[in-house]
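What follows is the residue order along each chain.
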Amino acid sequence: MSTRNNAPVLIISLVATLALLGGGGWWLAKQIGIGFVSTTSSTTPNASLPSSNVSTETNSAQNNPTPGNGTGNSLAGRLSIGDKSLIAETIAPAKQQAIASIQAGDYGTAVSQLESYLQQNRNDPEALIYLNNARIGTQSVPTIAVAVPAATAVNSAQEILRGVAQAQNEINLAGGLNGRPLKVMVVSDDNDPAIASQLADSLVQDASVVGVIGHFGSSTSLEAAQVYEQGQLVMISPTSTSVRISEAGSYIFRTVPSDRFTASALSRHLVNQMGIQNAALYYNAESDYSQSLKNEFTTALYADGGQIVTEGNVTDSGFNASASIADAIQRGAEAIVLATNTATLDQAIQLIAANNQRLAVLGGDSLYNPQLLQAGNRLADGMVVAVPWVLLSNPQASFAQASRQQWGGDVNWRTAMAYDGAIALADAIRQNPTRNGVQQALADPGFRVEGATGTVQFLPSGDRNQAMQLVTVSPGTRSGYGYDFVPE
């Protein structure tokens, strides 16, 4: 990493950028379609972007906890197979008309309306799910639920919904599961553990639901998992990485690798590839994800012959990025490792700025975020981030091409992991459409299904047996910010 002498100017510029992000970040995210494909009505894909403006592991509800478009706080208002939109953004009149048709039981009209709407709004996954559900009408068919923070983390929710919607669409177009189409219920949980627990209980009580894709953050998944385990309803999380989920029970699975894989990938790269042994580690003590990654990385680094020379909780009231970096350097740190979540993305960017390219920088999947490219810019050049999957590693793969055709742009790892979860759940339903049958199929050592990211199979713990991939922040044009995340 090269030394820069213009740190004061760059840091002042960064502060100004962060101020602009604070006021206009939400608007910008909506306009550029964070998450690779736009969430607006445009059919033209925007420049490929790596992630949403909310981390995989944001651990509490954000802002107004009310689900989208005035559905209220009742549990019934958080569940939909097409009778309401749960996404917290303005509903296009054409989509609203289709929803009204579904409410009236006029499924034929709803199908025509949604098909017409999707011709102009191809990247709306909720609408594609509702189209497939409307085609099913009142038939009694297997139903899976997908739990997302639809009102509080719209872009992340859309990313997950795209994976499930694409899987449902492909399955139904191919004739369904043993000749029966698959229905999908959308669930809005605000990424709030208490709300998720109540919704999980509702899903357990709904005999038509044979499996759940979700939840989003680790804290939320851990709370809901207790209910699913007791109610014997399978849950497959596409995004929760805490190692504690490995012990959540025999009905709990995930398609995203645990933090143990992330920590191992980062530690080995640091020690074996970069020749660095001494690191400063930063985390958010209020985040289950962040604590998990911190602990796993510490263990991995010591096992690889390195050491943590200092730790920093970025949510401490007296936390100061510049002073902390200066102290880390004095203690002999050669790298900083960011185990922070997106709730503390600003602090992570402050640390990158204060570092000013003096120490190597590595981070977990929550740093795979366009805001880091925008605000960190050249100060983040060379930063290494671990992610479960990256499209650029194999852009000609069948899923990469199919998803681009479906959505009009590139998708990110959350979509791929959600797709894998839905494909795995569907294959288990095909084998045995009962709740216990689904669990037994997924837990079978011989279970295998080809997904977006390769073969999906589960360890006895319910974990996905898959390594993480590393990307580096490098100059590029895909994001529109001058820097991209490029596979190692």
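To be clear, the structure that these remarks concern was listed above.
Calculation notes
Residues numbered from 1 in each chain as written. Predicted model: local features only at pLDDT ≥ 70, side-chain atom pairs only at ≥ 80, totals over all residues. Heavy atoms only, no water. Pairing = 2+ DSSP bridges. Helix = DSSP H or I, 4+ residues; strand = E, 2+ residues; numbered from the N terminus. Axes fitted to C-alpha atoms, helices over the stretch in contact; angles between N-to-C directions. Expected span 1.5 Å × (residues − 1). Polar contact = N/O pair within 3.5 Å; in protein donor to acceptor, adjacent residues only side chain to side chain. Phe/Tyr/Trp six-rings, centres within 6.5 Å; stacked < 30°, edge-to-face > 60°. Buried < 20%, exposed > 50% of the residue type's maximum accessible area, 1.4 Å probe, protein only. Lys NZ or Arg CZ within 6 Å of the ring centre and 35° of its normal. Salt bridge = Lys/Arg side-chain N within 4 Å of Asp/Glu carboxyl O. Parallel < 35°, antiparallel > 145°, perpendicular 65-115°, else oblique. Left-handed = near helix turned anticlockwise from the far one by under 90°. Contact = heavy atoms within 4.5 Å. Nonpolar A, V, L, I, M, F, W, Y, C, P; charged D, E, K, R; others polar.

On the basis of which strands lie adjacent, the open sheet formed by seven strands has the order E8-E7-E9-E10-E11-E14-E15 and mixed pairing. Both outer strands of the open sheet, strand E8 (307-313) and strand E15 (483-487), are each paired with one neighbouring strand and no more. Ignoring strand direction, the axes of neighbouring strands in this sheet form an average angle of 25 degrees. Pairing analysis gives six bridges linking strand E7 (residues 278-283) to E8, with the strands arranged parallel. Note that in E8 the partner of Ala-279 across the bridge is Ile-308.

This part is about helix H14 (residues 413-431). Given a rise of 1.5 Å per residue, 19 residues ought to cover 27 Å, and the 27 Å separating the end C-alpha atoms of H14 matches this to within 8%. Where H14 begins, the side chain of Asn-412 points an oxygen toward the backbone nitrogen of Arg-414, at a separation of 3.0 Å.

To continue, consider the packing of aromatic side chains. With the rule as written, the count across this model stands at six aromatic pairs. Arranged with centres 6.3 Å apart and planes meeting at 75 degrees, the rings of Tyr-282 and Phe-319 form a pair that is edge-to-face. One end of the pair, Tyr-282, is in strand E7; the other, Phe-319, is in the loop between E8 and helix H10 (321-330), with 37 residues separating them in the sequence. Residue class for Tyr-282 comes out buried when judged on its relative accessible area of 1%. A ring pair is formed by Tyr-368 and Phe-485, whose centres lie 4.7 Å apart and whose planes are at 40 degrees; its orientation type is tilted. Remark: Phe-485 occurs in strand E15 and Tyr-368 occurs in the loop between strand E10 (360-363) and helix H12 (370-376); sequence separation between them is 117 residues. By the burial criterion, Tyr-368 is buried, and Phe-485 matches it. In this structure, Arg-162 packs its charged tip against the face of Trp-407, placed 6.0 Å from the ring centre. In this arrangement the basic side chain of Lys-294 is found over the ring face of Tyr-283, its NZ or CZ atom lying 5.0 Å from the centre.

The final tally for this structure, using the stated rule, is 15 salt bridges. Salt bridges sharing common partners tie together Lys-95, Asp-124 and Glu-126.

This brings us to the packing of helix H3 (residues 107-120) against helix H4 (residues 125-136). Where H3 meets H4, the closest approach of the two axes is 9 Å, and the angle between their N-to-C directions is 150 degrees. Relative to H4, the element H3 is oriented roughly antiparallel. Crossing geometry of H3 relative to H4 is assigned as left-handed. Here Tyr-107, Ala-110, Val-111, Leu-114, Glu-115, Tyr-117 and Leu-118 of H3 come into contact with H4, specifically with Ala-127, Leu-128, Tyr-130, Leu-131, Ala-134 and Arg-135. For the contact of H3 with H4, the class distribution of residues is eleven nonpolar, no polar and two charged.

Below, the discussion takes up the sheet that holds strand E5 (residues 235-237). Read across the open sheet, the six strands follow the order E1-E3-E2-E4-E5-E6; overall the sheet is mixed. The strands lining the two open edges of the sheet, one partner per strand, are strand E1 (79-80) and strand E6 (252-254). Bridge analysis of strand E2 (residues 143-148) against strand E3 (residues 183-188) gives six bridges, and the strand direction is parallel. Within the sheet, the bridge partner assigned to Val-146 lies in E3 and is Val-186. Across the sheet, H14 lies against E2, strand E4 (209-213) and E5, angled at about 160 degrees from E4, the strand it touches most.

This part is about unusual backbone geometry. Here Gly-214 and His-215 are connected by a cis peptide whose omega angle stands at 0 degrees. Considering the arrangement of structural elements, one finds His-215 in the loop between E4 and helix H7 (218-231). Located in the positive-phi region is Asp-190, a residue other than glycine, with phi close to 60 degrees. With respect to the helices and strands, Asp-190 occurs in the loop between E3 and helix H6 (193-205). At Asn-356, a residue that is not glycine, the phi angle is positive and equals roughly 50 degrees. Looking at where Asn-356 falls in the secondary structure, it is placed in the loop between helix H11 (345-355) and E10. A relative accessible area of 3% means that Asn-356 is categorised as buried.

Right, let's get into the side chain of Asp-420. Assignment of secondary structure puts Asp-420 in helix H14. Owing to a relative accessible area of 0%, Asp-420 belongs among the buried residues under this scheme. Looking at Asp-420, its side chain comes within polar contact range of the side chain of Arg-464, at 3.3 Å. Not counting chain neighbours up to four residues away, the residues in contact with Asp-420 comprise Thr-255, Gly-451, Ala-452, Thr-453, Val-456 and Arg-464.

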